[in-house]
Amino acid sequence: MIRGRVVFMGTPDFAVPCLKAIVAAGYEVCGVVSQPDRPKGRGRKLCPSPVKEAALALGLPVVTVERVKAPAFLAQLQEWSPDVAVVVAFGQILPESVLQTPRLGCINVHASLLPKYRGAAPIHRVLINGEKQTGVTTMQMDRGMDTGDMLLTETVDILPDMTMGELHDLLSERGATLIVKTLEQVFAGIARPVPQDPAGATYAPMLDRALERIDWKLSAQQIHNLVRGLNPWPGAYCICDNLTLKVWKTRVVPFSGSLLPGRVNALTPTGLLVETGRDLIELNEVQPECKRRMGARDCACGYCLTPGAILQ
């Protein structure tokens, strides 16, 4: 039994479980929209987005668009005549012409508890900021940046050592469950949109290269949060003797003595202790440039990172 016509708009891995869940729930996905194929890898071969790959595997009609304002895309959207559009990490701002086309509007799945962490990088930012909870929100889209009325939310606890990759996968699966519940309410006419409180809004802007470099003057906990918030992409890093060293796994070690931020304090059986603005941080897994990931102790021995060396 077909439960309603849905256009799905998404691009990265995060959106794939939502697409699969909508299909499994019996909705007619009349079209899938994704970003154009992009060059990847050393050979710079054009590759489809994860959503496009998933849609093709499911036998769904797919279009890729560089600009959703293009007349050809608007014509295609009107031809599909969807009841609703579901938008998950699509990567483009939707104009009013697109927002008004589906009979029941456009619904977005956002990886935070709105109105906190609106914007492009909510999963990275909640970890970097040391939050203890986050979640997923479905909302009725408007012309603003993640400002639409909220439909449903689900809260997720953040474990102390959880990485961005782990949280990404968890929120992706929770989002898939939540969008199905949301569509059930929308099609039944029982959805109850709740306006966001602008006073509680925070933002999660896109990442930049400056953020990725470790500032050893920060506390060990802040550095630990940065490392896990950038794992597995793009990775936190530091410099030692002109060598770029990515840092993938760390542990906070309480310490009450004198500290010189960035100084190697000692080797341990499982890593390398570094002094910070507060406490020590043990580097457990690192990656010298052009090398594979390795244990920090092995790296220290191979690259002469002895106590007293300075990381920058």
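Cut-off values and rules
- Residues numbered from 1 in each chain as written.
- Predicted model: local features only at pLDDT ≥ 70, side-chain atom pairs only at ≥ 80, totals over all residues.
- Heavy atoms only, no water.
- Helix = DSSP H or I, 4+ residues; strand = E, 2+ residues; numbered from the N terminus.
- Buried < 20%, exposed > 50% of the residue type's maximum accessible area, 1.4 Å probe, protein only.
- Contact = heavy atoms within 4.5 Å.
- Areas by Shrake-Rupley, 256 points an atom, 1.4 Å probe, with all protein chains shown as cover.
- Salt bridge = Lys/Arg side-chain N within 4 Å of Asp/Glu carboxyl O.
- Pairing = 2+ DSSP bridges.
- Axes fitted to C-alpha atoms, helices over the stretch in contact; angles between N-to-C directions.
- Phe/Tyr/Trp six-rings, centres within 6.5 Å; stacked < 30°, edge-to-face > 60°.
- Lys NZ or Arg CZ within 6 Å of the ring centre and 35° of its normal.
- Patch = residues over 30% accessible without salt bridge, like charges linked within 9 Å, V, L, I, M, F, W, Y side chains within 5 Å.
- Lys, Arg positive; Asp, Glu negative; His and termini not counted.
- Charge placed at Lys NZ, Arg CZ, Asp CG, Glu CD.

Asks: Describe the overall build of the protein, naming the residues involved and giving the relevant values.
Replies: A count of helical and extended segments in the protein gives nine helices and 15 strands. The dimensions of the protein, computed from C-alpha atoms along their principal axes, are 65 × 45 × 30 Å. Here the protein holds 312 residues, and the buried ones make up 51% of them. Taking contacts inside the protein between residues at least 6 apart in sequence as the whole, the part at least 24 apart equals 65%. Accessible surface for the protein amounts to roughly 14,900 Å². Of this, 53% is attributable to carbon and sulfur atoms.

Asks: So, the pattern of salt bridges: which residues are in play, and what are the values?
Replies: A full pass over the atoms with the stated rule returns twelve salt bridges. With a shortest N-O distance of 2.9 Å, R209 and E212 are connected by a salt bridge. One end of the pair, R209, and the other, E212, are both in helix α7 (residues 209-212), three residues apart, so they sit about a helical turn from each other. Accessibility expressed as a relative area gives 9% for E212, which makes it buried. In this structure, the salt-bridge partner of R251 is E282, at a minimum N-O distance of 2.9 Å. Placement of the pair is R251 in strand β11 (residues 243-253) and E282 in strand β14 (residues 280-288), with a sequence separation of 31 residues. Accessibility expressed as a relative area gives 42% for R251, which makes it partly exposed. E282 sits in the buried class, given a relative accessible area of 1%.

Asks: Account for helix α8 (residues 220-229), naming residues and giving values.
Replies: Among the ten residues that make up α8, eight are buried, leaving the element largely enclosed by the rest of the structure. Taken together, the buried residues of α8 touch α5 (122-128), α6 (164-188), α7, β10 (236-240), β11 and β14.

Asks: Can you lay out the sheet that holds strand β2 (residues 28-34) for me, pointing to particular residues and giving the numbers?
Replies: The seven strands are arranged β5-β2-β1-β6-β7-β8-β9 in an open sheet whose pairing can be described as mixed. Either end of the sheet is taken by a strand with one partner, and the two such strands are β5 (62-64) and β9 (150-157). Ignoring strand direction, the axes of neighbouring strands in this sheet form an average angle of 20°.

Asks: Go over the packing of aromatic side chains with me, naming the residues and quoting the values.
Replies: One pass over the full model with this rule turns up one aromatic pair. Looking at R209, its charged tip hangs above the ring of Y237, at a distance of 4.1 Å from the centre. Seen from the ring of W248, R293 lies directly overhead, with NZ or CZ sitting 3.8 Å from the centre.

Asks: Summarise a negative patch on the surface; cite the residues concerned and give the values.
Replies: Taken together, the side chains of D13, E53, D161, E166, D169 and E173 make up a negatively charged region of the molecular surface. Here D161 is to be found in the loop between β9 and α6. Classification of D161 by relative accessible area gives exposed; the value is 54%.

Purely geometric stuff here, so don't read any function into it on its own.
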